[in-house]
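Listed here are the chains, written in short residue letters.
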Amino acid sequence: MNRNDFAKRLSTLVGSSGISARDLSLKVGQHTGYINSIENGRILPSMEAFFKICEELEITPVEFFDTTNKYPIVINRLLPYFSSLNRTEFDTIVNLITTFSHK
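Residues numbered from 1 in each chain as written. Predicted model: local features only at pLDDT ≥ 70, side-chain atom pairs only at ≥ 80, totals over all residues. Heavy atoms only, no water.

Trainee: Can you lay out the overall build of the protein for me, pointing to particular residues and giving the numbers?
Mentor: Looking only at helices and strands, the protein has 7 helices and 0 strands in total. In the protein, the order of α-helices and β-strands from amino to carboxyl end is α-α-α-α-α-α-α. Scaling as 2.2 N^0.38, a compact globule of 103 residues should have a C-alpha radius of gyration of about 13 Å, whereas the protein reaches 16 Å, well beyond that. Projected onto its principal axes, the C-alpha positions of the protein cover 50 × 25 × 20 Å. The burial tally for the protein puts 29% of its 103 residues in the buried class. In the protein, of all internal contacts separated by at least 6 residues, the share reaching a separation of at least 24 is 50%. Here the protein has roughly 6,900 Å² of accessible surface; of this, 56% comes from carbon and sulfur atoms. One finds the centroid of the 11 positive side-chain charges in the protein at a distance of 7 Å from the centroid of its 11 negative side-chain charges. (Helix = DSSP H or I, 4+ residues; strand = E, 2+ residues; numbered from the N terminus. Rg over C-alpha atoms; globule rule 2.2 N^0.38 Å. Buried < 20%, exposed > 50% of the residue type's maximum accessible area, 1.4 Å probe, protein only. Contact = heavy atoms within 4.5 Å. Areas by Shrake-Rupley, 256 points an atom, 1.4 Å probe, with all protein chains shown as cover. Lys, Arg positive; Asp, Glu negative; His and termini not counted. Charge placed at Lys NZ, Arg CZ, Asp CG, Glu CD.)

The structure is reproduced here in structure tokens:
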């Protein structure tokens, strides 16, 4: 993944997280424009900052780099709900998702 791909991925993930780039910058202990600087391709984060970014976005570094998973933040937020479903409800959700994924 090159700098531009990294910047695009971060931008996409921040956009789906519900947190502003400014707030994320502050949460990872940086200046208010830090995340925007990464999103614009001007800088790359240190490893420590990258791990903090992932932690704040509630994703793993693997999920950050897995671009086949378009919405890891949303998926991770949904997972706890699945454990409370009974088998029929779970199968209904799986069938619904399967129907949409075949279009």
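Trainee: Summarise the environment of Gln 30; cite the residues concerned and give the values.
Mentor: Position of Gln 30 among the secondary structure elements: in the loop between helix 2 (21-27) and helix 3 (34-39). The exposure class of Gln 30 is partly exposed, given its relative accessible area of 31%. Between the C-alpha atom of Gln 30 and that of Ala 49, which follows or precedes it by 19 residues, the distance is 8.6 Å.

Trainee: So what about the packing of helix 1 (residues 3-17) against helix 6 (residues 72-82)? Which residues, and what values?
Mentor: Where helix 1 contacts helix 6, the axes come no closer than 8 Å and their chain directions differ by 40°. One element, helix 1, and the other, helix 6, form an angle in the oblique class. Contacts between helix 1 and helix 6 involve Arg 9, Leu 13, Ser 16 and Ser 17 from the first element and Pro 72, Ile 73, Val 74 and Arg 77 from the second. (Axes fitted to C-alpha atoms, helices over the stretch in contact; angles between N-to-C directions. Parallel < 35°, antiparallel > 145°, perpendicular 65-115°, else oblique.)

Trainee: An account of the pattern of salt bridges is needed here, citing residue identities and associated values.
Mentor: One pass over the full model with this rule turns up 3 salt bridges. When the shortest N-O distance is used, the salt bridge between Arg 22 and Asp 23 registers 3.7 Å. Under the relative-accessibility criterion, Arg 22 is labelled partly exposed at 47%. Residue class for Asp 23 comes out partly exposed when judged on its relative accessible area of 34%. Measuring nitrogen to oxygen at the nearest pair gives 3.0 Å for the salt bridge that ties Asp 91 to Arg 87. (Salt bridge = Lys/Arg side-chain N within 4 Å of Asp/Glu carboxyl O.)

Trainee: Could you give an account of helix 4 (residues 47-57), naming the residues involved and the relevant values?
Mentor: Within helix 4, the full set of buried residues consists of Ala 49, Phe 50, Ile 53, Cys 54 and Leu 57. An end-on view of helix 4 places all buried positions within 140° of arc, on one side of the element. Every exposed residue of helix 4 that faces more than 90 degrees away from the buried side is listed here: Glu 48 and Glu 55. Tucked inside the fold, the buried residues of helix 4 contact helix 1, helix 2, helix 3, helix 5 (61-65) and helix 6. Within two residues after helix 4, Glu 58 carries a phi angle of roughly 60°, on the positive side. (Arc of directions from axis to C-beta.)

Distances and angles like these do not, on their own, reveal function.
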